[in-house]
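Structural characterization, general
For reference, the chains in residue letters:
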Amino acid sequence: MKIQFLGTGAAANHGRYNSSILINDKILLDCGPTSVANLKKIGLKTEDISTIFISHLHGDHFIGLPFFFLDSVILEKRQNPLILVAPKETISKVLKIAEIVYGGSLKKKLLLDYPLNFVSIEGSFYEEEISECNFQAIQTKHGEELAYNLILDFNGKKLGYSGDSEFCETLQQTASKVDVMICERTSPKEKLKGHCCGDEIEILAKGMKTDSNLILTHFVETEIQNSNPNFIYPNDFEKFYF
Ligand SMILES: [Zn+2]
């Protein structure tokens, strides 16, 4: 499994790009505002992406979607299908944003020019076979927003992703099941509502399998101080193989 970070920053941060993680050069976990530009910086096109998973509908995790669609229609004239796996209000929100910022005619064009397979995540637990993986979404706690922890199972190798999540039982259960966990650690020490901090990550790690890997992301700070050598702290564009 190849994991490359297109953005490792929290919604407000000191110089990192926003959340987007590329898996095996064709799957995106979240699509923040900077995702399309960063995909191109590493030599890929939006049409190289087969599937996008969205953890929740906060702007730093999904607001790249209107631009992803725009690029697909206007520049790449995409023909191959795109699978979008996301909370059920995603399409209506993307279209609303497109209408506000570009007007109604573009809104109509955005989703019609190539096959879009929208898989709507609903309920507190959702499971589906999606392209080459088994997918699970487990509802977690993140303030008022409906948010999910995601698990992608690639033939027995399980990848977990917290999107945004406060430290809770759901997050601990998700982390305990997977081989590689990508977890948000928004602030090093200060407890921010709806998010994890460094001390909580130490507890989370204790509940994980001994041979698993914990990658942290969604940082406020640019330079990571007092990093724990047992955890991985990626920078933007850094890649890992598992
Ligand atoms: Zn976020």
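Let me begin by describing the structure that accompanies this report. Numbers given for residues are sequential positions, taken from 1 along each chain in its written order. Local features in this predicted model are restricted to residues of pLDDT 70 or higher, and side-chain atom pairs are both shown and tallied only at a pLDDT of 80 or more, whereas totals for entire chains, interfaces and linings draw on every residue. Hydrogen atoms and water are omitted, and side-chain values are computed over all heavy atoms in the structure.

**Side note on the overall build of the chain**
Heads up, the rule is: A run of DSSP states H or I qualifies as a helix once it reaches four residues; a run of E qualifies as a strand once it reaches two. Both are numbered from the N-terminal end. For the radius of gyration, the atoms used are the C-alpha atoms, and the globule rule reads 2.2 Å times the number of residues raised to 0.38. Burial classification: accessible surface area is computed with a 1.4 Å probe over protein chains only, and a residue below 20% of its type maximum counts as buried, one above 50% as exposed, and the rest as partly exposed. Should any heavy atoms of two residues lie within 4.5 Å, those residues are counted as being in contact. Areas reported as accessible are Shrake-Rupley estimates using a 1.4 Å probe. Residue values count occlusion only from the protein chains shown. Under this rule, positive means Lys or Arg and negative means Asp or Glu; His and the chain ends count for nothing. We put the charge of a Lys on NZ, of an Arg on CZ, of an Asp on CG and of a Glu on CD.
Secondary structure summary: the chain contains 7 helices and 13 strands in total. The globule rule puts the C-alpha radius of gyration for 242 residues at 18 Å, and the 17 Å found for the chain is close to it. By the burial criterion, 55% of the 242 residues in the chain qualify as buried. Within the chain, contacts between residues separated by at least 24 positions form 59% of all contacts whose residues are at least 6 apart in sequence. Accessible surface computed for the chain: about 10600 Å², of which carbon and sulfur atoms make up 52%. In the chain, the 25 positive side-chain charges and the 32 negative ones have mean positions that sit 4 Å from each other.

**Remarks on the packing of aromatic side chains**
Where we set the bar: Two rings from Phe, Tyr or Trp (for Trp, the six-membered ring) form a pair when their centres sit within 6.5 Å of each other. Planes less than 30 degrees apart are called stacked, planes more than 60 degrees apart edge-to-face, and all others tilted.
Considering all chains together, one arrives at 6 aromatic pairs under this definition. Between Phe67 and Tyr102, the aromatic rings sit 6.4 Å apart at their centres with planes inclined by 80°, giving edge-to-face as the arrangement. With Phe67 in helix α3 (residues 65–75) and Tyr102 in helix α4 (residues 90–102), the pair connects residues that are 35 residues apart, well separated along the chain. Pairing Phe219 with Tyr233 gives two aromatic rings, centres 6.1 Å apart and planes at 25°, and the pair type is stacked.

**Description of the state of the cysteines**
Let me state the cut-off plainly: Disulfides are defined as pairs of cysteine sulfur atoms found within 2.5 Å of each other.
As enumerated under the stated definition, the model contains 0 disulfides in all. Cys133 provides the cysteine sulfur closest to Cys31, a residue in no disulfide bond, and the two sulfurs are 17 Å apart. Of the cysteine sulfurs around Cys196, a residue in no disulfide, the closest is that of Cys183, at 4.6 Å. Cys196 gets classed as buried once you look at its relative accessible area, which sits at 2%.

**Concerning the pattern of salt bridges**
Selection criterion: Throughout this description, the term salt bridge denotes a Lys or Arg side-chain nitrogen within 4 Å of a carboxyl oxygen of Asp or Glu.
One pass over the full model with this rule turns up 8 salt bridges. Between Asp25 and Lys2 there is a salt bridge whose closest N-O contact spans 3.2 Å. Placement of the pair is Asp25 in the loop between β2 (20–23) and β3 (27–29) and Lys2 in strand β1 (residues 2–7), with a sequence separation of 23 residues. Here Asp25 falls in the partly exposed class, since its relative accessible area comes to 30%. The closest approach of N and O atoms between Lys191 and Glu200, which form a salt bridge, is 3.3 Å. A residue is classified by how much of its surface remains accessible, and Glu200, at 14% relative accessible area, is buried. Through salt bridges with shared partners, one network takes in Lys40, Asp71 and Glu76.

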